[in-house]
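Structural description and commentary
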Amino acid sequence: MKQYNVEHLRTLAVVGVPGSGKTSFMESVLYVTGTIAKKGSVENKNTTSDYTNEEKAHESSIATTLIPVEYDEYKFNFLDTPGNRELVNEVYQTLSIVKGAVLVVDASKGIDIGTEQILSDLSERNIPTLIFVNKMDKVLVKYNEYCSFLVIKKGAL
């Protein structure tokens, strides 16, 4: 197994509301970095992180999954978290150990109260956050609305 210097290790939470595309985002990261040869999909029940029978049946993450990715002499340990607020303690445990987060937002659904709550949780913990706006190819996406929201929230983060 390859050994990494501490300076080359990163642990990041992947967070967002249910259906925002966290698991699909991770499939894309794994594919683009060459970790997997073919992307899985939630609908086809063949993703790397939603592997339990219950997660496949519900097409939703129930537990946090560790997804290690090696890229450019770095090792990124992504923690793909559940989006359901009923599983918020799972997310809180993950946020207690990470140094950064990727917040996945579904452009077709917009910024909702769940997304605002997650931003608040990240801000309270002073976790640097990258916001990934997903599903921009969907119909009726309000691009300018997202840009305005993110500029306003930038000061809060």
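Nothing here was measured: the structure is a model prediction, and the numbers come from that model.

A sheet is described by the order of its strands in space; here five strands give the open sequence β2-β3-β1-β4-β5, paired in mixed fashion. Edge strands, defined here as strands with exactly one partner in the open sheet, are β2 (65-71) and β5 (129-134). For this sheet the average axis-to-axis angle between neighbouring strands, irrespective of direction, equals 25°. Here six bridges tie strand β4 (residues 100-106) to β5, and the two strands are oriented parallel to one another. Residue pairing across strands places V104 opposite F132, the latter belonging to β5.

What follows is about the packing of aromatic side chains. Inspection of every chain in the model, using the stated rule, returns three aromatic pairs. With a centroid separation of 6.1 Å and an interplanar angle of 25°, the aromatic rings of F76 and F78 are classed as stacked. On the basis of relative accessible area, F76 is assigned to the partly exposed category, the value being 21%. Overall, the relative accessible area of 8% leaves F78 in the buried class. Of the aromatic side chains, those joined through ring pairs into one cluster are Y74, F76 and F78.

Among the structural elements, Q3 can be located in the segment before β1 (9-15). A residue is classified by how much of its surface remains accessible, and Q3, at 68% relative accessible area, is exposed. Each C-alpha atom of the pair Q3 and K75 lies 9.7 Å from the other, and the pair is 72 residues apart in sequence.

Now for empty space enclosed by the protein. A complete count under the given rule lists two cavities of 30 Å³ or more for this structure. By volume, the largest cavity is sized at about 50 Å³. For the largest cavity, the full set of lining residues is V15, G16, T81, P82, G83, R85, V91 and I118. Classifying every residue of the lining of the largest cavity gives four nonpolar, three polar and one charged.

Cut-offs used in this document
Residues numbered from 1 in each chain as written. Predicted model: local features only at pLDDT ≥ 70, side-chain atom pairs only at ≥ 80, totals over all residues. Heavy atoms only, no water. Pairing = 2+ DSSP bridges. Helix = DSSP H or I, 4+ residues; strand = E, 2+ residues; numbered from the N terminus. Axes fitted to C-alpha atoms, helices over the stretch in contact; angles between N-to-C directions. Phe/Tyr/Trp six-rings, centres within 6.5 Å; stacked < 30°, edge-to-face > 60°. Buried < 20%, exposed > 50% of the residue type's maximum accessible area, 1.4 Å probe, protein only. 1 Å grid on protein atoms, 1.4 Å probe; cavity = no way out; pocket = protein on both sides within 12 Å on 5 of 7 lines; lining within 4 Å. Points joined across faces, edges and corners; volume = space filled by probe spheres on them. Nonpolar A, V, L, I, M, F, W, Y, C, P; charged D, E, K, R; others polar.

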